[in-house]
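# Commentary on secondary and tertiary structure
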Amino acid sequence: MTEFWLISAPGEKTCQQTWDTLMTATTRTNNLSTNNKFNIPDLKVGTLDVLVGLSDELAKLDAFVESVVKKVAQYMADVLEDSRDKVQENLLANGVDLVTYVTRFQWDMAKYPIKQSLKNISEIITKQVTQIDNDLKARASAYNNLKGNLQNLERKNAGSLLTRSLADIVKKDDFVLDSEYLITMLVVVPKTNYNDWQRTYETLAEMVVPRSTNLLFEDQDSGLFTVTLFRKAIDDFRLKARENKFMLRDFQYNEEEMKADKEEMTRLSTDKKKQFGPLVRWLKVNFSEAFIAWIHIKALRVFVESVLRYGLPVNFQAMLLQPNKKNMKKLREVLNDLYKHLDSGAAAIIDQSTMDIPGLNLSQQEYYPYVYYKIDCNLLDFK
């Protein structure tokens, strides 16, 4: 299970004591969760007004960055196509799998300097992830256009004999060309009607050249035959052929056009292969960047909410719990018992819609006496 609960509780005599209390309640006497300390550095607190405003902004930023993380992951799956099973191994953060990154989280001082204000750090993240989002839209649009054009050509080469491209099927020698009187037509004949065709094609109209039919190609259902006749007999022949379930293809042999089609197919296929590698590399790098930014937002939110709830000086322990799936309800009850003293009005879980706590913006539908955010590393339901 890749769901984590990121919580914080005020330091008792020491933050270590807060940690030990949680461990005793959730792991030492039972197996409710696997826990890790979640290390948040000493960030600049700023004023109460700034914290209250930031609480709201960070909730929106959290949702935005999560959506970008999911978009990049989803597009990685789309680009990998038949290798979708390899998506998870490409979704890394700082070179490690997501669970490892989250459970061993260390603040990135180079990207997000803690000497900056909380507001500045959130603005750095906003700018960074907005850029990733914009780049993704541009790259996805270009690659999807290329892929769509190639798929259209591939469909032309793989459809029924009535519609598919014939560039790889017919040759110049199959046709009477440059004749004022004669023309070679292409006819699609159902396999079940081959005998009828051979028996009747010479008599479907006047002026059909005897023994002029050849089978050029067949798919599961039909065969493509040539037949040569005088130009003036085309309409008559078409009508009679249709009555007998033989369908004429409107086709004129044009070597230059067919060569252009083949070259376009080759060009698109080559372009797609050329773009594939760099695109996957870009997605890997920027998935990592977006995911790292997302977890830093979670850290910012825990810091801001903890200061708003527990007051100054800053004294809280952030903890990451990976719930045992079978015991989630029990874990919630244990946490509630452990921390209900933090908020007498929250001895039981309270629905956020029934209350309005100034300065607190909880994106969840539930309110708990401790600071709580969910992190779900299962970003896609890969099939």
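Located above this text is the structure these notes cover.
What you are looking at is a predicted structure, and each value in this text was computed from that prediction instead of being measured.

## So, the overall build of the protein
Helix and strand counts for the protein come out as 9 helices and 12 strands. Taking 383 residues into account, the globule formula puts the C-alpha radius of gyration at 21 Å, and the protein, at 34 Å, lies well above it. Across its three principal axes, the protein shows a C-alpha extent of roughly 105 × 40 × 35 Å. Residues classed as buried in the protein amount to 44% of the 383 residues present. Within the protein, contacts between residues at least 6 apart in sequence are counted, and of these 78% link residues at least 24 apart. Taken as a whole, the protein presents about 20,500 Å² of accessible surface, with 49% of it coming from carbon and sulfur. Between the mean site of the 51 positive side-chain charges and the mean site of the 52 negative ones, the protein shows a separation of 4 Å.

## Regarding the sheet that holds strand S2 (residues 33–37)
Taken together, the 4 strands give an open sheet; going across it, the order is S2-S9-S1-S12, and neighbouring strands pair in antiparallel fashion. The open sheet has two edge strands, S2 and strand S12 (371–376), and neither has a second partner. Each neighbouring strand pair of the sheet contributes to a mean axis angle of 25°, computed without reference to strand direction. Direction of pairing for S2 relative to strand S9 (residues 316–323): antiparallel, over a ladder of 5 bridges. Looking at S9, one finds that Asn 36 is bridged to Leu 320. Against the sheet, helix H1 (residues 15–28) contacts strand S1 (3–10), S2 and S9, and its axis sits at roughly 170° relative to S2. Seen against the sheet, helix H9 (residues 328–339) touches S1, S2, S9 and S12 and runs at an angle of roughly 10° to S1.

Rules used throughout
- In every chain, residue numbers begin from 1 and rise along the written sequence.
- Where totals are concerned, whole chains, interfaces and linings use all residues; where local detail is concerned, this predicted model gives features only for residues with pLDDT of at least 70, and gives and counts side-chain atom pairs only at 80 or more.
- Each side-chain value is worked out from all heavy atoms of the structure, with water and hydrogens disregarded.
- Strands are runs of DSSP state E lasting at least two residues, helices are runs of H or I lasting at least four, and both sets are numbered from the N terminus onward.
- In this description the radius of gyration comes from C-alpha coordinates, and the expected globular size is given by 2.2 Å times residues to the power 0.38.
- Burial here depends on accessible area, computed with a 1.4 Å probe over protein chains only, as a share of the maximum for the residue type. Under 20% is buried, over 50% is exposed, and the range in between is partly exposed.
- The criterion used for residue contact is that any of the two residues' heavy atoms lie within 4.5 Å.
- Using a 1.4 Å probe, accessible areas were evaluated by the Shrake-Rupley method; residue-level cover was limited to the displayed protein chains.
- We score Asp and Glu as negative and Lys and Arg as positive, and we do not count His or the chain ends.
- Just so you know, the charge point we use is NZ for Lys, CZ for Arg, CG for Asp and CD for Glu.
- Pairing between strands is defined by DSSP: at least two bridges between the two strands are required.
- Between N-to-C directions, angles cover 0 to 180 degrees, with each direction set by a line fitted to C-alpha atoms, over the stretch in contact for helices.

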